[in-house]
Amino acid sequence: SPDMALLFEQVTPQLLKDAAKQSGVKAVDARRIVSTRVEGKDGTWLPMQLIILQDLSASQVAVLHSHGGVWPLQDGAIWIEQSGEVLLAAGTGSSLKVRTPSGDITSIAVGGFVHDTAIAPSFQENIIYAYINTKTASQLGQNPVLDQLLVKLIQRSSYAETLAFGNALTASLEDHGQTAQRLEVLAANHPHDLLMNAMLRVLGVLSVLALLCSAALAGNMVAAWMRREIRQVGIMKTLGAQPMQIARQSLWLVTPIVLLAAGIGMLLGAVLARAMVRHYMVTLNIDIAHWQIPHDLFWKEIVLAVGVPLMAMAFPIVRAARMSALAAMQGVGITPPPNVGRWASLFLKVPGNVGWTLALRNTWRRPWRLALIVLALTSGGTLLLTTLSNYKSLITMIDTSLEQQGHDIEVLMQRPAPAAQLEAIARSVQDVDIAEAWRRASVNITPALGATPAVEPNRFALSAYPPGSQLFKLPIVQGRAPQQDAADEVLVTRKLQTWYPELQVGQRVELQFRERKALVHVVGLVEEIAMPIMYTNATTFEAITALGDNASAVRIKSHNPEFTLVANALDQAFLKEHHVAKQIITRDLVRESLDEHVKVVGNVIRMVALASALVGAIVLAATTVLNVIERRREIGILRTLGAGRLRIAALFLAESGSITLLSAILSIALSMVLLRVLLNAAERGLVNVTVPMQFSWGGLGILA
């Protein structure tokens, strides 16, 4: 992907040659980006970003990978970024209906699908990315003149150094009579790097918990085995065997099982990992350079897969090997409980029910074993409840935030138009209750004089609501709203505040719009999901931009819940009056897009959580088997005292039930703590709004 883009009136072949000759430049190219709309598979019109290049197959900067179709791209055809294929009804060789700048509809052939790893997936952003050459652009009514110079550096360093190189390149080109209108340093990271990092961190944490659950299972199984072999240990000790000899012999017996299990696990893990990576190749729109596992990672996996279960198995083996010959020969059965068990017997009792009292006390007979069981069950239960509660909390936050926005549909216009005219057109649609024309402009904060920012100064939207707005309902969490006649008061979102920490309530900053600069006063803080926006009134907007009464967006409130139908009617109404909509955003579209982002991390968490809960259940089953094996004499004594089969079965089930209940209580408590931690992290790093904690009763049902 390119490191910087320079905007010119026109990028000529000579300009490309002059830029390519500069020291430190690896490759250059030219493009133009325009916005239009394309018909989706369900008949809705989706926004489409058209990237116009001279020769797409020869590009050395924004490189595309073919995913099937005609290569190179033919005149009169279009390439679609592969992540948008699910949103369209067209395949290679078919045609798409596309809007022209005048609002007419034209058809264009699909030449194939390509992979562009520098963009976010289309199905998450609900926008189609497409690629055409200059001749096809003319056929679609678009301006074919390329105006962006893309530059790829030999070696990119920090933003400040890249910006300094760009300024030097701009000055050098200006000496040749080619003046750039704007320099933009492009991001050096993937659009979804935050989601990828979050997913990888979650996978790392959950894999550790799953490994602990598996270790608990291995330890319990070996404890059961050693309990059956304890008399043989006593016999070997009477023959002179040393504890380490017995321990080594037992470890050698279980080592082949561990190696076999690790081998099967590595094979299954490789298959599942490749399937997961293929899934996220589409979900996150990434490209895999090679599938080879790094050698250091491979050996780490081997050590963990073999070492952790062996360590868990070594504990009961060493404990049994250190028993005296007399203790081992006495055999299993009813044994005196340790100190913890004696302490528990003083307090654990169910008045009037000897059976339940005995069951509760038996659960504490082996406190370390109980701890392993509870650890395994609690880990799986905590992960499961946290996952489902986290998803429910985020979805509730999304619905609440969308409701607080006030509008159901937003129409972004191709060109600004008088506000009263746009509102009148929107109100002419039958299902529209409220229509407000909003004004928008792209601005940035002016850096300090002579200072070179360490990070990229992001441009953001300045949005102005009309006087007496009924649709501006965002909650003001700090400060107040701008006064209606104030000419320098603004509101900022939390996301914008993370970009610019100086945007604190009560502070003054200088905004720049094109060549204009103006001081504004931050009077309040509002919450909106991950939106870096500054809101203000019409008076302040005019003082900053001097754009007059023209508006570029219309926000609509409708009583018809079928927002797509209303959006189509609005589209036709604006086209009838020769106003072309660049994009129509409905509440359903936004919710679907946000839900897709949440699922990127949520799906993998649910998968690992269910696996961990399953391992915990296996541990409980294995422990129950162990209880039955080592308490055969106790069962015999109970039978001689008149206890029936159902009574004895109920006793064991009561013991397991008490363990399950304890683990469930701990799972609920720990999941609430972990959930709050995750939601706090999401508030700070992803959504930038308050996320209320919601408990998943459905998750509790699955856990039960």
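Preceding this section is the structure that the text describes.
Residues numbered from 1 in each chain as written. Predicted model: local features only at pLDDT ≥ 70, side-chain atom pairs only at ≥ 80, totals over all residues. Heavy atoms only, no water.

Some points on the overall build of the protein chain
Logical step 1: A tally of helices and strands in the protein chain yields 20 helices and 20 strands.
Logical step 2: Whereas a compact globule of 704 residues would reach a radius of gyration of roughly 27 Å, the protein chain reaches 33 Å, over 25% beyond that.
Logical step 3: When contacts within the protein chain are restricted to residue pairs at least 6 apart in sequence, those whose partners lie at least 24 apart make up 79%.
Logical step 4: Summing over all exposed atoms, the protein chain offers an accessible surface of approximately 34,400 Å²; the carbon and sulfur share of this is 60%. (Helix = DSSP H or I, 4+ residues; strand = E, 2+ residues; numbered from the N terminus. Rg over C-alpha atoms; globule rule 2.2 N^0.38 Å. Contact = heavy atoms within 4.5 Å. Areas by Shrake-Rupley, 256 points an atom, 1.4 Å probe, with all protein chains shown as cover.)

Points about the packing of helix α6 (residues 230-238) against helix α7 (residues 243-283)
Logical step 1: One way to put it is that α6 packs onto α7 with a least axis distance of 10 Å and a crossing angle of 135 degrees. With respect to α7, the element α6 is oriented oblique. Considering how the two elements wind past one another, α6 and α7 form a crossing that is right-handed. Facing α6, whose interface residues are Val233, Met236 and Lys237, α7 presents Pro243, Ile246 and Gln249. (Axes fitted to C-alpha atoms, helices over the stretch in contact; angles between N-to-C directions. Parallel < 35°, antiparallel > 145°, perpendicular 65-115°, else oblique. Left-handed = near helix turned anticlockwise from the far one by under 90°.)

Some words on the side chain of lysine 495
Logical step 1: Note on placement: lysine 495 falls in helix α14 (residues 494-499).
Logical step 2: By relative accessible area, lysine 495 is classed as buried at 16%.
Logical step 3: Residues in contact with lysine 495, not counting those within four places in the same chain, are Ala530, Met531, Pro532 and Asn688. (Buried < 20%, exposed > 50% of the residue type's maximum accessible area, 1.4 Å probe, protein only.)

Here we look at unusual backbone geometry
Logical step 1: Of note in the backbone geometry, alanine 546 takes a positive phi value of approximately 55 degrees without being a glycine.
Logical step 2: As for its placement among the helices and strands, alanine 546 is situated in the loop between α15 (538-545) and β19 (550-558).
Logical step 3: Take alanine 546: its relative accessible area is 42%, and that puts it in the partly exposed class.
Logical step 4: Non-glycine residue asparagine 688 carries a positive phi angle of around 60 degrees.
Logical step 5: Examined against the element boundaries, asparagine 688 turns out to sit in the loop between α19 (645-687) and α20 (697-703).

Re a negative patch on the surface
Logical step 1: A cluster of acidic side chains, namely Asp42, Glu562, Asp588 and Glu592, defines a negative patch on the protein surface.
Logical step 2: Along the chain, the position of aspartate 588 falls in helix α17 (residues 587-630).
Logical step 3: With a relative accessible area of 39%, aspartate 588 lands in the partly exposed category. (Patch = residues over 30% accessible without salt bridge, like charges linked within 9 Å, V, L, I, M, F, W, Y side chains within 5 Å. Salt bridge = Lys/Arg side-chain N within 4 Å of Asp/Glu carboxyl O. Lys, Arg positive; Asp, Glu negative; His and termini not counted. Charge placed at Lys NZ, Arg CZ, Asp CG, Glu CD.)

Quick word on the environment of isoleucine 544
Logical step 1: Structurally, isoleucine 544 is set in helix α15.
Logical step 2: Judged by relative accessible area, isoleucine 544 falls into the buried class, the value being 2%.
Logical step 3: For isoleucine 544 and valine 520, which are 24 residues apart along the polypeptide, the C-alpha to C-alpha distance reads 8.7 Å.
Logical step 4: Ignoring anything within four residues of it in the chain, the contact list for isoleucine 544 reads Leu462, Leu511, Phe513, Arg516, Ala518 and Val520.

Things to note about the environment of proline 101
Logical step 1: Relative to the helices and strands, proline 101 resides in the loop between β6 (95-99) and β7 (105-115).
Logical step 2: Judged by relative accessible area, which is 18%, proline 101 ranks as buried.
Logical step 3: Spatially, the C-alpha atom of proline 101 lies 9.7 Å from that of valine 34, the residues being 67 residues apart in sequence.
Logical step 4: Other than its neighbours up to four places away in sequence, proline 101 contacts Leu140, Gly141, Gln142, Arg415 and Val580.

Observations concerning the packing of aromatic side chains
Logical step 1: Considering all chains together, one arrives at 8 aromatic pairs under this definition.
Logical step 2: For the ring pair tryptophan 438 and phenylalanine 472, a centre distance of 6.1 Å and an interplane angle of 50 degrees mean the geometry is tilted. You can see tryptophan 438 sitting in strand β12 (residues 432-445) and its partner phenylalanine 472 sitting in the loop between β13 (460-465) and β14 (476-479), a full 34 residues away along the chain.
Logical step 3: Classification of tryptophan 438 as buried rests on a relative accessible area of 1%.
Logical step 4: An angle of 65 degrees between the planes, with centres 5.9 Å apart, marks the rings of phenylalanine 460 and tyrosine 500 as edge-to-face. Separated by 40 residues along the polypeptide, phenylalanine 460 in strand β13 and tyrosine 500 in the loop between α14 and β16 (508-513) bring together distant segments of the chain. Each member of the pair phenylalanine 460 and tyrosine 500 is classed as buried.
Logical step 5: Members of the aromatic cluster, connected to one another through ring pairs, are Trp438, Tyr465, Phe472 and Tyr535.
Logical step 6: In this structure, arginine 99 is placed above the aromatic ring of tryptophan 45, and the distance from its NZ or CZ to the ring centre is 4.4 Å.
Logical step 7: The positively charged end of arginine 278 is found above the aromatic ring belonging to tryptophan 291, 5.1 Å away from the centroid. (Phe/Tyr/Trp six-rings, centres within 6.5 Å; stacked < 30°, edge-to-face > 60°. Lys NZ or Arg CZ within 6 Å of the ring centre and 35° of its normal.)

Considering the packing of α7 against helix α8 (residues 295-321)
Logical step 1: Here α7 crosses α8 at 145 degrees, and the two axes come no closer than 9 Å. The two elements α7 and α8 meet at a crossing, and its hand is right-handed. Residues Pro243, Ile246, Ala247, Ser250, Leu251, Val254, Thr255, Val258, Leu259, Ala262 and Met266 of α7 pack against Phe298, Glu301, Ile302, Ala305, Val306, Pro309, Leu310, Met313, Ala314, Ile317 and Ala321 of α8.
Logical step 2: In terms of residue class, the contact of α7 with α8 is built from 19 nonpolar, 2 polar and 1 charged. (Nonpolar A, V, L, I, M, F, W, Y, C, P; charged D, E, K, R; others polar.)

Remarks on α7
Logical step 1: At valine 254, α7 shows its largest kink, close to 30 degrees, and the proline proline 256 lies no more than four residues downstream.
Logical step 2: When we look at burial in α7, the residues that qualify are Ile246, Ala247, Ser250, Val254, Thr255, Val258, Ala262, Tyr280 and Thr283. (Bend = angle between axes of the 7 residues up to and from the residue.)

Concerning empty space enclosed by the protein
Logical step 1: Under the counting rule described, the total for this entry stands at 3 cavities of 30 Å³ or more.
Logical step 2: Its boundaries defined by the atoms lining it, the largest cavity holds a volume of some 120 Å³.
Logical step 3: Residue lining of the largest cavity: 13 residues in total, with Asn362, Thr363, Arg366, Arg369 and Asn627 positioned closest to the centre.
Logical step 4: Where the lining of the largest cavity is concerned, the elements lending two or more residues are α11 (354-363), α12 (367-404), α17 and α19.
Logical step 5: Looking at the lining of the largest cavity, its residues break down into 3 nonpolar, 4 polar and 6 charged. (1 Å grid on protein atoms, 1.4 Å probe; cavity = no way out; pocket = protein on both sides within 12 Å on 5 of 7 lines; lining within 4 Å. Points joined across faces, edges and corners; volume = space filled by probe spheres on them.)

A few points about the pattern of salt bridges
Logical step 1: Taken as a whole and assessed by the stated rule, the structure comprises 18 salt bridges.
Logical step 2: We note a salt bridge from aspartate 408 to arginine 587, for which the minimum N-O separation is 2.9 Å. Taken together, the residues span a long stretch of sequence, with aspartate 408 in the loop between α12 and β11 (409-418) and arginine 587 in helix α17 at a distance of 179 residues. For the pair shown, aspartate 408 and arginine 587 are each scored as buried.
Logical step 3: One salt-bridge network, in which partners are shared between bridges, spans Glu403, Asp408, Lys557 and Arg587.

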